[in-house]
Amino acid sequence: MERLKTGVPGFDELIGGGIPRGFFVAVVGEPGTGKTVFSIHYAWEGVREGDRVIYVTTEESRESIIRQAASFGMNLAGAVDEGKMIIIDALLRGKGDEWSLSDLSIEELVEKIIEAKKKLGYGRARLVVDSISAFWLDKPVMARKYSYNVKRVLYKWDFTALLVSQYSITTGEAYGWGLEHIADGVVRFTRRIVGGQMIRMVIIEKMRHTSHDLRVHEVDIVDGVGMRIGEPLQLRREDLELI
Ligand SMILES: Nc1ncnc2c1ncn2[C@@H]1O[C@H](COP(=O)(O)OP(=O)(O)OP(=O)(O)O)[C@@H](O)[C@H]1O
Ligand SMILES: [Mg+2]
């Protein structure tokens, strides 16, 4: 089975070498846990490997994503200039920008992604939608139907996709129910206070057709370098304090 590397040191080993080609993987977690940084690594690895790369950003501007990547030494601006990558900015809302969305609808999203794929050309492609939950925030009951439609329509375009889903700070649950069931994989980032310090961690909750790691691993984000996966954590219940 062909697998796509994420480019995050230590991560691909947890999932048998990478994400199986054609998979739609949900990346879930609370604010600041590393979902966007993880997605940027995945996009940059695609650029390095010669994949077509499409990154849809709904909460941060295109410039913010480019700047975040630059802080880790990744030149996404160059990749865009060279026609290897398209960043679709949902915040611009159609203000004369070719790669923006006029509204936050699933139909518009899918249409724009297909347009971008045609522009980038034939071949293996990576897609990041950061975040997909933005498209159903005001109608969470549609989450399952929408994510099913996205997967069904985009599958034939040779995408291997990360669909980022935000988790509510108050309840610790996803906005909208069902994405995790539709997804071929679920990567969950989370955070705890341990000994007076916040630690980030990651758990592979699901990866179809893969004997994946079941342990909780620490996650580091380092200036100039980016994300890397640390040691498995041995946390006792009394050590854990939810933020
Ligand atoms: N250059 C950097 N050096 C070190 N740490 C950084 C750097 N850039 C970002 N970080 C860390 O990454 C965190 C942001 O992570 P990220 O944007 O991936 O979170 P997220 O899960 O996408 O959150 P949200 O749901 O709010 O979008 C920052 O709060 C900071 O701790
Ligand atoms: Mg983010």
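Everything below is about the structure shown above.
Residues numbered from 1 in each chain as written. Chains lettered and ligands numbered in written order. Predicted model: local features only at pLDDT ≥ 70, side-chain atom pairs only at ≥ 80, totals over all residues. Heavy atoms only, no water.

*Asks:* Where do I start with the overall build of the protein chain in this structure?
*Replies:* Scanning the protein chain for helices and strands turns up six helices and eleven strands. For 243 residues, the compact-globule estimate of 2.2 N^0.38 gives 18 Å, and the C-alpha radius of gyration of the protein chain, at 17 Å, lies within 12% of that figure. Principal axes of the C-alpha set define a box for the protein chain whose edges measure 55 × 40 × 35 Å. Relative to its 243 residues, the protein chain shows a buried fraction of 53%. For the protein chain, restricting intrachain contacts to residue pairs at least 6 apart in sequence, the fraction spanning at least 24 positions comes to 66%. Accessible surface for the protein chain amounts to roughly 11,300 Å². Of this, 50% is attributable to carbon and sulfur atoms. Of the charged side chains in the protein chain, 33 are positive and 35 negative; the average position of the first set lies 4 Å away from that of the second. (Helix = DSSP H or I, 4+ residues; strand = E, 2+ residues; numbered from the N terminus. Rg over C-alpha atoms; globule rule 2.2 N^0.38 Å. Buried < 20%, exposed > 50% of the residue type's maximum accessible area, 1.4 Å probe, protein only. Contact = heavy atoms within 4.5 Å. Areas by Shrake-Rupley, 256 points an atom, 1.4 Å probe, with all protein chains shown as cover. Lys, Arg positive; Asp, Glu negative; His and termini not counted. Charge placed at Lys NZ, Arg CZ, Asp CG, Glu CD.)

*Asks:* Looking at this structure, how should I read the packing of helix α1 (residues 35-49) against helix α2 (residues 62-70)?
*Replies:* The relative placement of two packed helices comes down to the angle between their axes together with the axis-to-axis distance. Two elements in contact, α1 and α2, have axes whose closest approach is 10 Å; the angle formed by their N-to-C orientations is 80°. Judged by the angle between their axes, α1 and α2 are roughly perpendicular. Here Thr 36, Val 37 and Ile 40 of α1 come into contact with α2, specifically with Ile 65, Gln 68 and Ala 69. (Axes fitted to C-alpha atoms, helices over the stretch in contact; angles between N-to-C directions. Parallel < 35°, antiparallel > 145°, perpendicular 65-115°, else oblique.)

*Asks:* Looking at this model, I keep getting lost on α1. Mind explaining?
*Replies:* At 3.6 residues per turn, the α-helix brings residues three or four places apart onto the same side. Counted at 1.5 Å a residue, the expected span for α1 with its 15 residues is 21 Å, and the 21 Å between its end C-alpha atoms agrees. Among the 15 residues in α1, twelve count as buried, and that is most of the element. Among the residues of α1, those classed as buried are Lys 35, Thr 36, Val 37, Phe 38, Ser 39, Ile 40, His 41, Tyr 42, Ala 43, Glu 45, Gly 46 and Val 47. Of the residues flanking the end of α1, it is Gly 50, one or two places downstream, whose phi is positive at about 80°. (Expected span 1.5 Å × (residues − 1).)

*Asks:* Which parts of the structure should I look at to understand the environment of Ile 19?
*Replies:* With respect to the helices, strands and loops of the structure, Ile 19 is situated in strand β2 (residues 19-20). Between the C-alpha atom of Ile 19 and that of Pro 140, which follows or precedes it by 121 residues, the distance is 27 Å. If near-sequence neighbours (up to four positions away) are discounted, Ile 19 is found in contact with Glu 2, Arg 3, Leu 4, Thr 6, Val 25, Tyr 42, Thr 160 and Leu 162.

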